Amino acid sequence: MDLEEDIRSLQLDSAAEDINGVVNPEDEKPDVDKMDEGLLSGSDPKQEVQAQSVEAEPKAKVKEILSVQDEEDEQMKKRHLNVVFIGHVDAGKSTTGGQILFLSGQVDDRTIQKYEKEAKDKSRESWYMAYIMDTNEEERVKGKTVEVGRAHFETDTTRFTILDAPGHKSYVPNMISGASQADIGVLVISARKGEFETGYERGGQTREHVQLAKTLGVTKLLVVVNKMDDPTVNWSKERYDEIESKMIPFLKQSGYNVKKDVSFLPISGLMGLNIKTRLDKSLCSWWDGPCLFESLDSIEVPMGDPKSPFRMPIIDKFKDMGTVVMGKVESGTIRDGDSLLIMPNKDHVKVVAIYIDENRVTLAGPGENLRVRLSGVEEEDILSGFVLSSAANPISTVTEFVAQLQILELLDNAIFTAGYKAVLHVHSVVEECEIVELLQQIDPKTRKPIKKKVLFVKNGAIVLCRVQVNNVICVEKFSDFPQLGRFTLRTEGKTVAVGKITAL
Ligand code: GTP
Ligand code: MG
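Residues numbered from 1 in each chain as written. Chains lettered and ligands numbered in written order. Predicted model: local features only at pLDDT ≥ 70, side-chain atom pairs only at ≥ 80, totals over all residues. Heavy atoms only, no water.

> Which residues make up the overall build of the protein chain, and what values go with them?
Within the protein chain one finds 12 helices and 24 strands. Across the 504 residues of the protein chain, 59% fall into the buried class. Pairs at least 24 apart in sequence give 73% of the contacts found in the protein chain among residues at least 6 apart. (Helix = DSSP H or I, 4+ residues; strand = E, 2+ residues; numbered from the N terminus. Buried < 20%, exposed > 50% of the residue type's maximum accessible area, 1.4 Å probe, protein only. Contact = heavy atoms within 4.5 Å.)

Written out as C-alpha cells, the structure is:
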C-alpha cells in the first residue's frame, strides 16, 4: 500500500468528514512534543540561549505595560504567529532564518563579520548566515542544526516567532517539537542540482517533514525554493517550475489543499534575495509574485478561542525570582494575578508575571509563547508535559484513552497488535505507551468501520484502539482541543503512527 495515500487518508484535518464525527476544522495546532533523545528536555538548551543571543543584539528592553487597556491595544495591533522552518538537511533553513533577522535589522554588520570569520576558521565559509540561528558549537562545527532555534521578528502586521527545525533525520523528534508549536510552516527546498532530488526521494526529509507538519497541525505552508542563486540554477524558471510541479501532487497527497493552503516562491537565503524586498527584474524576469515577508504577512490562520478554558502545556521551566514556566497558550487567556492549576498534580499557583519575549504584559491569549512567573510551586515539582490550566475547568488527566490511529510505517513491517509499545508524543508530553486493545478497523477508502473483529493491522491501516501510559498525562479529545488531542507514536527514532484522541 502506498504510504502517501495512507497519510492522506489520515489527514484527519483535511478530510471532509471524520469517522468519529469530528468535522475538522482548519483549526489549530497542537503543542510541543519532546524528543526521545531528550535533546530539548529539562535544562532548556538552546531555546533559551537562542532567545538571548538573538535578542541581546537588538537591544530589546523590558517594557512594562501598565494598564490592561493599553496592553490589549498593543496586542491587538499585531497578531502573533509561530512559523516553523522545515525541510531536508542543508536546504538553507538556518541561513534563511538568519537572513530574515539580518534584514529586519536585528543583527549588525560587525556580528556578521565575526560570524564570517568564525565560519571561515571552521572551513564553513558559506555557513555564516546560518550561525545567527545555529548558536551552539556542535551545530557550527558540523554545519547542522540540532535543536530548534528560536528567534523573533516583526513585519508590518505580524509578530513572528521563528522556529528553526533541524533537517537531519536523526533529529526528527526535535523537528516534531518545533512543528507542533507552529501555526504555519516555511518549507525550504534547495533548488541546487541533486539537492532537491535527495530531499524529495523516499526517505528524504522533505517528504517526512511535510507529512509530519500536516499531522501536527501546520495548516498553511509557504514553500520557498531556495538557492536560486546557485550556479546550477541561476534563477532558472524551468528548475523552479520543475520543483513546483513535482511538489504539488505530493503536497496534495499529504493532505494540503494546495490552492488554499500553500504558496510557492523563489528565494536566495544566502544572498537575501526576494526576502524583505521583491526581486529585481534584471535578475529574475519571470517572477512577478511577492517576497517572503509579504507572503508571511498575508497568510491567514484561524486563532484559538481566547474565551475557552486556559491551557498552556509547559515545555520548560527554570528558577528566576520564583518559578518560571515556558510554553505556548493553546486556549483561553491568562492574566496577572490569575489563580491556576498545574496539572496533573493539581498544584494551586498564582500568576506573578507574564512575559512575551522580553516584554512584560498583563494578559495573553491563544498562540502566544510565554514565560510565566508563578508563586505556590517549586520548580522541581514541574515536568515538561505538565499543563498550566484553568482552575475552574482544568485539563483532563488520564492513563488510558481511545484513539484513532493511522499506521504509517512499522519497523521491519512488523504487525500492529495489542501489546505494541511505542513512545507517545502529544503536545509537550513524551511517554512510553502500550496499545492494550484494538477496537475497530476503519476502511481507509470509505472511512467506514469494518465489522470484522480486528486482532492485528499492518502498514497503512486506520484503527481505533485503546492506548495506555504508565504515568498520568494531561490530554484532551481532539474534537474539543485539537492541539491537545493530536499525537504521534515513534519507535527507535521513526514515526510509526499518527493519531487523534477520540475518547478519554
Ligand atoms: P540543517 O539545519 O542541518 O537541516 O540545514 P539548514 O537547512 O539549516 O541549512 P543551512 O542554512 O545550514 O545551509 C546549508 C548550506 O547551504 C550552507 O552551506 C549554506 O551556505 C548553503 N545555502 C543556504 N542557502 C543558500 C542559498 O540561498 N544559496 C546558496 N548558494 N547556498 C545556500
Ligand atoms: Mg539549520
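Now that the structure has been shown, we can carry on.
> Mind laying out the coordination of the magnesium ion (ligand 2), listing which residues take part and the relevant values?
Six octahedral donors around a metal ideally make angles of 90 or 180 degrees; four tetrahedral donors ideally make 109.5 degrees. Coordination of the magnesium ion (ligand 2) by the protein comes from S94 (OG) and T145 (OG1), over a distance range of 2.0 Å. You can see S94 sitting in helix α4 (residues 93-103) and its partner T145 sitting in the loop between α6 (137-142) and β2 (149-154), a full 51 residues away along the chain. For the pair formed by S94 and T145, the shared burial category is buried. (Donors = N, O, S within 2.8 Å, 3.2 Å for Na, K, Ca; no water.)

> Break down the sheet that holds β2 for me, citing the residues and quoting the values.
Spatially, β2-β3-β1-β4-β5-β6 is the arrangement adopted by the six strands of the open sheet, whose pairing is mixed. Of all the strands in the sheet, just β2 and β6 (262-266) have a single pairing partner and so form its edges. Across this sheet, the average inter-strand angle for adjacent strands is 25 degrees, counted without regard to direction. (Pairing = 2+ DSSP bridges. Axes fitted to C-alpha atoms, helices over the stretch in contact; angles between N-to-C directions.)

> Describe the packing of aromatic side chains, naming the residues involved and giving the relevant values.
Here the structure, examined in full by the defined rule, presents 10 aromatic pairs. Summarising the aromatic geometry, the rings of Y115 and Y131 are spaced 6.3 Å apart at their centres and angled 70 degrees between planes, so their arrangement reads as edge-to-face. Of this pair, Y115 sits in helix α5 (residues 109-121) while Y131 sits in the loop between α5 and α6, and the two are 16 residues apart along the sequence. Exposure class is identical for Y115 and Y131. Each is buried. Where Y240 meets W286, the ring centres are 5.2 Å apart and the plane angle is 40 degrees; that geometry is what we call tilted. Of this pair, Y240 sits in helix α10 (residues 237-253) while W286 is found in the loop between β6 and α12 (292-298), placing the two residues 46 residues apart along the sequence. Among the aromatic side chains, those forming a connected cluster through ring pairs are F153, F160 and F293. The aromatic ring of W127 is capped on one face by R124, whose charged end is 4.6 Å from the ring centroid. Taking the ring centre of Y256 as reference, the NZ or CZ of K214 above it sits at 4.9 Å. (Phe/Tyr/Trp six-rings, centres within 6.5 Å; stacked < 30°, edge-to-face > 60°. Lys NZ or Arg CZ within 6 Å of the ring centre and 35° of its normal.)

> Which residues make up the site of ligand 1, and what values do they have?
Around ligand 1, the structure places 22 residues, and the nearest of them are K93, T95, S126, T145 and D229. In the complex, 97% of the free accessible area of ligand 1, which totals 650 Å², lies under the protein chains. With three residues, α4 is the largest single contributor of residues to the shell around ligand 1. In terms of residue class, the shell around ligand 1 is made up of six nonpolar, 10 polar and six charged. (Near = heavy atom within 4 Å. Areas by Shrake-Rupley, 256 points an atom, 1.4 Å probe, with all protein chains shown as cover. Nonpolar A, V, L, I, M, F, W, Y, C, P; charged D, E, K, R; others polar.)

> Lay out the pairing of strand β19 (residues 429-442) with the relevant residues and their values.
In this structure, strand β18 (residues 421-426) lies alongside β19, joined through six bridges in antiparallel fashion. Within β19, the position partnered with V426 by the bridge is V429. Between β18 and the antiparallel strand that follows it, β19, lie two residues; H427 among them carries a positive phi value of about 35 degrees. Both β19 and strand β20 (residues 449-450) contribute to a ladder of two bridges, which runs antiparallel.

> An account of the nonpolar core is needed here, citing residue identities and associated values.
Within the largest apolar cluster, 71 residues are counted, with the highest numbers of intra-cluster contacts made by M247, L251 and L296. Counting 29 residues, the second largest nonpolar core, distinct from the first, contains V426, V429, I473 and V496. (Core = buried A, V, L, I, M, F, W, Y, C linked by side-chain atoms within 4.5 Å.)

> An account of helix α9 (residues 205-215) is requested, with residue identities and associated values reported.
Counting buried residues in α9 gives 10 out of 11 residues, a clear majority hidden from the surface. Listed in full, the buried residues belonging to α9 are Q205, T206, R207, H209, V210, Q211, L212, A213, K214 and T215. Where α9 terminates, the next one or two residues include G217, which has phi positive at roughly 100 degrees.

> Just give me the short version of the pattern of salt bridges, but keep the residues and values in it.
Overall, the coordinates contain 29 salt bridges when judged by the stated rule. E118 is the partner of K122 in a salt bridge, and the nearest nitrogen-oxygen pair spans 3.0 Å. Look at K122 and you get partly exposed, because its relative accessible area is 22%. Across the salt bridge formed by R466 and E400, the nearest N and O atoms sit 2.4 Å from each other. With a gap of 66 residues between them, R466 in strand β22 (residues 462-475) and E400 in strand β16 (residues 396-407) connect regions that are remote in the sequence. (Salt bridge = Lys/Arg side-chain N within 4 Å of Asp/Glu carboxyl O.)

> Could you give an account of the pairing of strand β15 (residues 387-390), naming the residues involved and the relevant values?
Sheet topology places strand β7 (residues 311-319) next to β15; three bridges connect them, and they run antiparallel. Paired with R311 across the bridge in β15 is S389. Looking at chain direction, strand β10 (residues 339-343) and β15 are connected through four bridges and run antiparallel. Pairing of M343 across the sheet is with V387, part of β15.

> Could you give me a rundown of α4, with the residues and numbers involved?
The buried count for α4 comes to nine of 11 residues, which makes it a mostly enclosed element. Inspection of α4 places K93, S94, T95, T96, G97, G98, Q99, I100 and L101 among the buried residues, and these make up the whole buried set.

> Tell me about the environment of P302, residues and numbers included.
Within the fold, P302 resides in the loop between α12 and β7. By relative accessible area, P302 is classed as partly exposed at 40%. Each C-alpha atom, one on P302 and one on T219, is 9.7 Å from the other, the two residues being 83 residues apart in sequence.

> Please give an account of the environment of V454 that cites residues and values.
Tracing the backbone through its elements, the reader meets V454 in the loop between β20 and β21 (456-457). For V454 and L464, which are 10 residues apart along the polypeptide, the C-alpha to C-alpha distance reads 9.8 Å. In contact with V454, other than residues within four places in its own chain, are L438, L439, Q440 and Q441.

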